[in-house]
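Structural description and commentary
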Amino acid sequence: MRTVYVNGEYLPEDQAKVSIFDRGFLMADGVYEVTSVLDGKLIDFDGHTARLHRSLSELDMANPVTDAELLEIHRSLVAKNAIEEGLVYLQVTRGSSGDRDFVFPDPKTTPSSIVLFTQSKPGLAFGPAAAKGIRVVSIPDQRWGRRDIKTVQLLYPSMGKMMAKAAGVDDAWMIEDGMVTEGTSNNAYIVKGNTIITRHLGHEILSGITRTAVLRFAREAQMQVEERSFSIAEAQGADEAFITSATTFVMPVVEIDGKPVATGAPGSVATRLREIYIEESRKVAI
Ligand code: PDD
């Protein structure tokens with residue numbers, strides 16, 4: 001049984017509770033982060049902390065912990081649950097005022113709730129999916145207009161994964177105004193020659209922590225990076241496609257809406273970027 005963290009306490013998972021009035025439960029009024037763990041160490045922790053601060057401030061939500069406390073909680077959970085490879089999930093919600101009300105409660109009397117738990121994922125770095133690549137279908141992007149905030153409103157992304165599953169593939173890329181926004185829980189990329197193309201940042205997509213690192217590594221490897229929109233047709237005609245996230249690192253995409261990308265096998269750029277990302281991230285993991 002896992003040890004989890006809830007509002008100041010480390011507890012066995014079956015004893016950890018939050019109120020039925022918690023606004024995360026009633027209104028999806030909460031934000032989250034997912035940090036990967038390799039060799040028992042946290043990958044890109046500072047990036048996740050910085051994005052958490054941003055998400056909280058965009059929603060005017062109080063941060064219940066200091067950065068030092070957050071690191072300590074992450075590390076304690078990794079140790080208590082003996083996580084070598086896996087994830088730490090963190091969620092902060094606007095808490096419970098003991099009733100339901102659309103108006104935000106006063107943070108002085110209603111503190112935010114904070115919950116963290118680990119997920120063990122042996123094979124996260126060297127699983128079979130990366131060698132095979134994944135297949136995606138396109139679906140309309142029907143999420144809200146502030147996807148740059150990492151909120152727990154994941155019903156539509158969850159429906160997207162189910163649409164992908166129903167189509168017999170691995171994931172979905174979402175389309176708005178004819179252009180790809182991102183994957184259901186990852187950023188989307190294509191490669192043409194020596195150029196990596198991925199959508200520019202804005203309210204339409206989440207600024208991935210893995211995205212920032214991968215684009216930096218790509219530039220350091222003398223690749224060109226174009227941050228702009230692309231369509232499904234352009235992606236289907238590209239040399240390569242891939243996704244990035246804390247849960248997949250760099251994952252080749254080999255088929256889009258039933259059409260193979262190039263040869264239908266993982267491309268050399270995605271494969272190389274995956275190696276670089278994992279290798280470099282391991283070196284600076286904390
Ligand atoms: N999802 N875009 C969306 C919509 C996401 O949900 C995520 C992450 C990303 C990639 O962000 P990062 O590189 O910081 O993980 C992009 C997490 C992993 C999840 O929901 O499980």
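Because the structure is predicted, anything quoted here is derived from the model rather than measured. (Residues numbered from 1 in each chain as written. Predicted model: local features only at pLDDT ≥ 70, side-chain atom pairs only at ≥ 80, totals over all residues. Heavy atoms only, no water.)

In this model, helix α2 (residues 45–58) (14 residues) spans 20 Å end to end at C-alpha, consistent with the 20 Å of a helix rising 1.5 Å per residue. Restricting attention to buried positions, one finds in α2 the residues F45, H48, T49, R51, L52, S55 and L56. Around the axis of α2, the buried residues are gathered within 165° of arc, so they sit on the same side. Exposed and facing more than 90 degrees away from the buried side of α2 are D46 and S57. (Helix = DSSP H or I, 4+ residues; strand = E, 2+ residues; numbered from the N terminus. Expected span 1.5 Å × (residues − 1). Buried < 20%, exposed > 50% of the residue type's maximum accessible area, 1.4 Å probe, protein only. Arc of directions from axis to C-beta.)

Let us now look at the pattern of salt bridges. Across all of its chains, the model carries 22 salt bridges by this definition. A salt bridge links E182 to R143, with the shortest nitrogen-to-oxygen separation between them at 2.9 Å. Of the two residues, E182 sits in strand β9 (residues 179–183) while R143 sits in the loop between β7 (134–140) and α5 (155–166), which places them 39 residues apart along the sequence. For E182, a relative accessible area of 4% corresponds to the buried category. We note a salt bridge from E280 to K283, for which the minimum N-O separation is 3.0 Å. In this pair, E280 and K283 are both assigned in helix α8 (residues 268–284), 3 residues apart and thus about one turn of the helix distant. Salt bridges sharing common partners tie together D141, R143, R147, E176 and E182. (Salt bridge = Lys/Arg side-chain N within 4 Å of Asp/Glu carboxyl O.)

Judged by side-chain polarity, I20, F21, F25 and L26 come together as a nonpolar surface patch covering roughly 410 Å² of accessible area. Inspection of the secondary structure assignment puts F21 in the loop between β2 (9–12) and α1 (23–27). The exposure class assigned to F21 is partly exposed, which follows from its relative accessible area of 31%. (Patch = residues over 30% accessible without salt bridge, like charges linked within 9 Å, V, L, I, M, F, W, Y side chains within 5 Å. Areas by Shrake-Rupley, 256 points an atom, 1.4 Å probe, with all protein chains shown as cover.)

Okay, the domain arrangement of the chain next. Here the domain parsing of the chain yields domain 1 (3–120) and domain 2 (128–284). Distance from the C-alpha centre of domain 1 to the C-alpha centre of domain 2: 26 Å. Facing 22 residues of domain 1, the contacting portion of domain 2 comprises 21 residues. Buried area between domain 1 and domain 2, summed over both chains or domains, comes out near 1,900 Å², and the portion from carbon and sulfur atoms is 62%. Taken as a group, Y32, L38 and R51 account for 31% of the area that domain 1 buries against domain 2, more than any other trio of residues on that side. Between the two partners, domain 1 and domain 2, sit 3 salt bridges. Across the salt bridge formed by R282 and D39, the nearest N and O atoms sit 2.5 Å from each other. Taken together, the links from domain 1 to domain 2 amount to 8 residue pairs in polar contact (both at pLDDT 80 or more). Counting residues per element, the ones that place at least two in the side of domain 1 that touches domain 2 are β3 (30–38), α2 and β5 (86–93). For the side of domain 1 that touches domain 2, the leading source of residues is β3, giving 7 residues. When its residues are assigned to classes, the side of domain 1 that touches domain 2 shows 9 nonpolar, 6 polar and 7 charged. (Domains from an automatic or database assignment. Contact = heavy atoms within 4.5 Å. Buried area = accessible area lost by both parts, 1.4 Å probe. Polar contact = N/O pair within 3.5 Å; in protein donor to acceptor, adjacent residues only side chain to side chain. Nonpolar A, V, L, I, M, F, W, Y, C, P; charged D, E, K, R; others polar.)

Once that is clear, we can look at the packing of aromatic side chains. Taken as a whole and assessed by the stated rule, the structure comprises 7 aromatic pairs. A centroid spacing of 6.3 Å and a plane angle of 65° characterise the contact between F217 and Y277, whose relative ring orientation is edge-to-face. Linking F217 in helix α6 (residues 209–220) with Y277 in helix α8, this pair joins segments that are 60 residues apart in sequence. Taking the centre distance of 5.8 Å and the plane angle of 40° together, the rings of F249 and Y277 count as tilted. On the criterion of sequence distance, the pair formed by F249 in strand β14 (residues 249–256) and Y277 in helix α8 is long-range, its members being 28 residues apart. By relative accessible area, which is 2% here, Y277 ends up buried. Grouped by ring-pair contacts, the aromatic residues Y32, Y89 and F117 constitute a single cluster. Positioned above the aromatic ring of Y10, the side-chain terminus of K80 is 4.6 Å from the ring centre. (Phe/Tyr/Trp six-rings, centres within 6.5 Å; stacked < 30°, edge-to-face > 60°. Lys NZ or Arg CZ within 6 Å of the ring centre and 35° of its normal.)

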